[in-house]
Amino acid sequence: MTKIVKTRFAPSPTGYLHIGGGRTALFNWLFAKHHQGEFLLRIEDTDRARSTKEAVDAILDSLKWMGLDWDGEPIFQFSRRDRHIEVAHEMVEKGQAYFCTCTPDDLKKMREEQKAHGKPLGYDRRCRDKGHTSGAIRIKAPTLQNEEMLIQDKVQGDVHVALSKLDDMILLRSDGTPTYMLSVVVDDHDMDITHIIRGDDHLNNAFRQNTIYNVMDWTPPEYAHIPLIHGADGKKLSKRHGAVGLEAYRDMGYLPEAMRNYLLRLGWGHGDTDIISTEEAIRLFDLKDIGRAPSRMDFSKLASVNAHYMRQCSEDQLITMLLPFIEKILGEKPDEIGIRRLEKGLHDLKERAQTLVELAQAGLFYVRHRPLPINEAANKVLDRQLLGEIRSILAGLSEFRNDTIETSLKEFSIQKGLKLGKIAMPLRAALTGMTKSPSIFHVAEILGKEETMARLDDLE
RNA sequence: GUCCCCUUCGUCUAGAGGCCUAGGACACAUCCCUUUCACGGAUGCGACACGAGUUCGAAUCUCGUAGGGGACGCCA
């Protein structure tokens, strides 16, 4: 009988959810779903000084927005500290861990000396055999010469490290609180986590953590260390690359499904397919298809994926997502008439926007109150005399529809010996205040005869 | 400094020794469509980091070199 697959996402609540963290969460979620397993959320708040409630909320919000639902309640690691402490003492009793009385100052000095002599950095085990009975607790890392430890990583393959490289890390701080290194192992073990999928900045930690599994005689989980996401310049993603927190992407108007698709394809591939729905992703996801090289954030690709999902989205769903953005630009809630116009216009509008922000800007003229602000480019093409003639033609239409408007204005253009564009553009400027819009005949129909006339009259 | 990992178009990737004159997507360029902007369609630009080896044959295997990334905390 095989164990049920259990993964976990374990962010530390010291800030917003990083986009790389979002992808890690996504991979854990997909892997669990693929195997009909469980995906747990554990908040790693053992660093009391840096953990905040705000950060916890921000992380939860972002995960919810991404559509990554976890099983059960989030687990707060610090609440399990008694159990962690108990394990640390058990290791001391087993003779596999010891008390250390070195001060941070001592250690700093030690490291400086190691650096100065070009020696490998690491604790020199000076307290190991002193038999102290208080202080911080350190694990006794195996010291066999010429031996190595092997980790069969699902992404990185076989990775070997010489045991001599593992130092006696701290399990319990001198104030009695457990460290991350101890807590993760105890929690992952107690929670029956079968697969640890995390950033490859933790690859080295896997070896150190395995020494704890070994001492406790526990079976280590499977590891999958995924490469990090870099900025467009190939450097570690940081604030100077622009958006790093997931909530920033929400505010820039990206759709959750687009985000999932884009992040999935960053470092994971399935043949030539670029557009992969979440359902497909669950079906196809496999750790062996994760690449081993770090990948770079590409905003234009994200935008194009987003455009795809916006086009695919029903007008119904789209308007719900769009309204907050409209409201933000407008500075107030649009009225019912405006919303209805906008909704009708969405079908044509969504073809020409890549984000909800762009879509909101492009559709703003539907919800704006008269008189409409006219931008500079539009002002240049406003031929008031010609618009006057256009107005009288439109005024004469008994049926105010896309096709009747177009036909009448085409006739007019032939009559005047003008290209249709010469007529359509001033009308566009007058009705939208811009020089870019969907078919202006269609726009006029949606605005309705009354509003169209009124907007033309506003120009006089 | 020490250890670990990585390396196909600008970017994300396909590629498991002959199917590769290396495929797709995004970006870019040109053209078509067209009332503007988009969408759509067509074409183009463009990569196996380098050097040795193994082999009849290497993007694919081996070894070096170079470059990039990560880690070395009483942070996570």
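See the structure printed just above.
All figures in this text were calculated on a predicted structure; none of them were measured in a lab.

A closer look at the overall build of chain A
On a plain count of helices and strands, chain A comes out with 18 helices and 12 strands. Computed over its C-alpha atoms, the radius of gyration of chain A comes to 31 Å, more than 25% above the 23 Å expected for a compact globule of 460 residues. Projected onto the principal axes, the alpha-carbon positions of chain A cover approximately 100 × 50 × 40 Å. Counting over 460 residues, chain A shows a buried share of 49%. Here the analysis covers contacts within chain A between residues at least 6 apart in sequence; of these, 76% occur between residues at least 24 apart.

Notes on the environment of Arg260
The topology assignment puts Arg260 in helix α8 (residues 256–265). Of the residues examined, Arg260 reaches a relative accessible area of 16% and is grouped as buried. With 16 residues separating them along the chain, Arg260 and Ile276 place their C-alpha atoms 9.2 Å apart. The residues contacting Arg260, other than those within four sequence positions of it, are Leu26, Met66 and Thr278.

Observations concerning unusual backbone geometry
Of the consecutive residues Arg370 and Pro371, the connecting peptide bond is found in the cis state with omega at -5°. Examined against the element boundaries, Pro371 turns out to sit in the loop between α13 (356–367) and α14 (376–381). If you check the backbone angles, Asp192 has positive phi at about 60° while not being a glycine. Residue position: Asp192 is located in the loop between α5 (180–190) and β9 (195–199). Look at Asp192 and you get partly exposed, because its relative accessible area is 41%.

Comments concerning the layout of surface pockets
Considered as a void within the structure, the largest pocket measures approximately 1,200 Å³ in volume. Lining the largest pocket are 35 residues, and of these Ala10, Pro11, Ser12, Asp201 and His202 sit closest to its centre. Secondary-structure elements contributing two or more residues to the lining of the largest pocket are β1 (6–9), α1 (19–34), α5 and β9. Among the residues forming the lining of the largest pocket, the class breakdown is 15 nonpolar, 11 polar and nine charged. Roughly 320 Å³ of internal volume is contained in the second largest pocket. Gln114, Pro120, Leu121, Gly122 and Tyr123 are, among the 15 residues lining the second largest pocket, the residues nearest its centre. For the lining of the second largest pocket, the class distribution of residues is five nonpolar, three polar and seven charged.

Digging into the sheet that holds strand β4 (residues 97–100)
Strand order across the open sheet formed by three strands is β4-β5-β8, with antiparallel pairing between neighbours. Strands with a single pairing partner mark the edges of an open sheet, and in this sheet they are β4 and β8 (170–172). Strand-to-strand twist in this sheet, taken as the mean axis angle between neighbours without regard to direction, amounts to 45°. With two bridges joining them, strand β5 (residues 136–139) and β8 adopt antiparallel strand pairing. Across the sheet, residue Arg138 finds its bridge partner in β8, namely Ile170.

Describing empty space enclosed by the protein
If a probe the size of a water molecule is rolled over the atoms, the empty space left behind becomes visible. Scanning all chains against the criterion turns up one cavity of 30 Å³ or more. Taken as a whole, the largest cavity holds about 50 Å³ of empty space. As for the largest cavity, its lining consists of Leu26, Leu30, Glu257, Arg260, Asn261, Leu264, Ile276, Ser277, Thr278 and Ala281. Taken together, the elements giving at least two residues each to the lining of the largest cavity come down to α1, α8 and α9 (278–284). A total of four residues in the lining of the largest cavity trace back to one element, the largest contributor, which is α8. Counted by class, the lining of the largest cavity contains five nonpolar, three polar and two charged residues.

Concerning the protein's contact with RNA strand B
Near RNA strand B lie 61 residues; those nearest to it are Cys102, Arg173, Gly267, Arg352 and Ser437. Protein-proximal atoms of RNA strand B, defined as those within 4 Å of the protein, fall in sugar or phosphate at a share of 68%. With respect to RNA strand B, the backbone of Cys102 contributes an N or O atom lying 2.3 Å from a base nitrogen. Interatomic distance of 2.9 Å between a side-chain N/O atom of Lys301 and a base nitrogen of RNA strand B. Taken together, the elements giving at least two residues each to the surface near RNA strand B come down to α4 (104–116), β7 (157–162), α5, α6 (203–216), β12 (295–296), α10 (299–312), α17 (420–432) and α18 (440–457).

Some words on the pairing of β9
Of all five residues in β9, five are buried; the element is thus mostly enclosed. When β9 meets strand β10 (residues 222–226), the two strands line up parallel, connected through five bridges. Bridge assignment links Arg198 to a residue of β10, and that residue is His225. A crossover links β9 with its parallel partner β10, the connecting element being α6, and its sense is right-handed.

A few points about the sheet that holds strand β2 (residues 38–43)
As summarised here, the arrangement of the three strands in space is β1-β2-β3, forming an open sheet in which the pairing is parallel. Looking at the sheet topology across the chains shown, the edges are occupied by β1 and β3 (75–76). Contacts between α1 and the sheet are confined to β1 and β2, with β1 contributing the most and set at about 165° to the helix. Contacts between helix α2 (residues 53–66) and the sheet are confined to β1, β2 and β3, with β2 contributing the most and set at about 160° to the helix.

Comments concerning the packing of helix α15 (residues 384–395) against helix α16 (residues 402–416)
At a minimum axis separation of 10 Å, α15 and α16 run at an interaxial angle of 135°. Comparing their axes, α16 and α15 come out oblique. Note on packing geometry: the crossing formed by α15 with α16 is right-handed. In contact with Leu386, Glu389, Ile390, Ile393 and Leu394 of α15, α16 contributes Ile405, Ser408, Leu409, Phe412 and Lys416. Class assignment for the residues of the contact of α15 with α16 results in seven nonpolar, one polar and two charged.

About the cut-offs
- Residues numbered from 1 in each chain as written.
- Chains lettered and ligands numbered in written order.
- Predicted model: local features only at pLDDT ≥ 70, side-chain atom pairs only at ≥ 80, totals over all residues.
- Heavy atoms only, no water.
- Helix = DSSP H or I, 4+ residues; strand = E, 2+ residues; numbered from the N terminus.
- Rg over C-alpha atoms; globule rule 2.2 N^0.38 Å.
- Buried < 20%, exposed > 50% of the residue type's maximum accessible area, 1.4 Å probe, protein only.
- Contact = heavy atoms within 4.5 Å.
- 1 Å grid on protein atoms, 1.4 Å probe; cavity = no way out; pocket = protein on both sides within 12 Å on 5 of 7 lines; lining within 4 Å.
- Points joined across faces, edges and corners; volume = space filled by probe spheres on them.
- Nonpolar A, V, L, I, M, F, W, Y, C, P; charged D, E, K, R; others polar.
- Pairing = 2+ DSSP bridges.
- Axes fitted to C-alpha atoms, helices over the stretch in contact; angles between N-to-C directions.
- Near = heavy atom within 4 Å.
- Polar contact = N/O pair within 3.5 Å; in protein donor to acceptor, adjacent residues only side chain to side chain.
- Right-handed = clockwise from strand over helix to strand, strands pointing away.
- Parallel < 35°, antiparallel > 145°, perpendicular 65-115°, else oblique.
- Left-handed = near helix turned anticlockwise from the far one by under 90°.

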